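Structural characterization, general
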Amino acid sequence: MIVNRVHKFVFVHIPKTAGTSLRKALGSLSGRDMEVVAGTKHETPREFLSAYRSRCGRDPNELQDFVWIAFVRNPWDRFLSLHRYLRLPHHRRKWPQIPADVNDFARLLEQPPEWTKSIRSLRPQIDYIEGCDPWIGHFETLTDDFTHLKNLLGFEGRLRHLNQSSLSHPVWPFRFRTHHQELDEQSRQILTSLYAEDIKRFGYCEGSVLLECRTPR
């Protein structure tokens, strides 16, 4: 989460949607309020707003005229990226149970074991916008949407790629590339069910970038 009082926005960091690059660009702007945000970068709006008064002693209604910002990503591609990320050595030490095969990982989520609840990045993206009505940008059109955002809020800045999960699946510059062929039919069905609300809310379909919402709102 980033709160900026000069440009009047709240950025919600949804995991595996180029959030690290966005945080770097947006966090460098003047006006950032560090007092009101939690230590975790993946706090949800509901968590943030419920703790707001206790952190700063002010009413969260003071954010009423702020623009909330979130970027989202095709759920199947996001899951593949997350699996590659969790298989990096430092994450394997924390979650050694993560299967090496992405399809085994997907099947594990049909009846998720308790330890998977600690992986916040597995949560549907819709969870990260409950409690707000954000301007939505898309990972697949990130460069164009970031330019649109700069014009909307009136700031200057540039994106720099950070936190790439795997060099074998490059996503910089940010152009959509489908890797769904790594998922078998059962895995695709599991993920379609698991992230049904994301698919519906953000207009995604398998094998396509977006169904209808390419233009950010």
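Up top is the structure these notes are about.
A brief report on the enclosed structure follows.

Reading guide: rules and limits
- Residues numbered from 1 in each chain as written.
- Predicted model: local features only at pLDDT ≥ 70, side-chain atom pairs only at ≥ 80, totals over all residues.
- Heavy atoms only, no water.
- Buried < 20%, exposed > 50% of the residue type's maximum accessible area, 1.4 Å probe, protein only.
- Helix = DSSP H or I, 4+ residues; strand = E, 2+ residues; numbered from the N terminus.
- Arc of directions from axis to C-beta.
- Contact = heavy atoms within 4.5 Å.
- Polar contact = N/O pair within 3.5 Å; in protein donor to acceptor, adjacent residues only side chain to side chain.
- 1 Å grid on protein atoms, 1.4 Å probe; cavity = no way out; pocket = protein on both sides within 12 Å on 5 of 7 lines; lining within 4 Å.
- Points joined across faces, edges and corners; volume = space filled by probe spheres on them.
- Core = buried A, V, L, I, M, F, W, Y, C linked by side-chain atoms within 4.5 Å.

All of the buried residues in helix α7 (residues 185–194) are Ser187, Arg188, Ile190 and Leu191. One face of α7 carries all of its buried residues, which in axial projection span an arc of 160°. Summarising the contacts, the buried residues of α7 are in contact with α3 (75–86) and α5 (102–108). Where α7 starts, the residue carrying a side-chain oxygen 3.3 Å from the main-chain nitrogen of Gln186 turns out to be Asp184.

A word on unusual backbone geometry. Even without being a glycine, Lys16 presents a positive backbone phi close to 65°. By the element assignment, Lys16 lies in the loop between β2 (9–12) and α1 (19–27). A residue is classified by how much of its surface remains accessible, and Lys16, at 12% relative accessible area, is buried. Of note in this structure, Ala18 is not a glycine but carries a positive phi near 70°. For Ala18, a relative accessible area of 13% gives the class buried.

One simple way to see leftover space: roll a probe sized like a water molecule over the atoms. Size it by volume and the second largest pocket reaches roughly 150 Å³. Around the second largest pocket sit Leu109, Pro112, Thr116, Lys117, Ile119, Leu122, Arg123 and Leu194, which together line it.

Attention now goes to the nonpolar core. Taken as a class, soluble globular proteins show a tendency for nonpolar side chains to be buried jointly. Ranked by size, the top nonpolar core spans 40 residues in total, and within it Val3, Val10, Phe48, Phe79 and Leu122 carry the most contacts. Residue assignment for this core shows that the elements contributing at least two residues are β2, α2 (45–56), β3 (67–72), α3, α5 and α8 (196–202). In terms of residue count, the dominant contributor to this core is α3 (six residues). Residues within four places of Val10 in sequence aside, it is in contact with Met1, Ile2, Val3, Phe48, Leu63, Phe66, Val67, Trp68 and Ile69.

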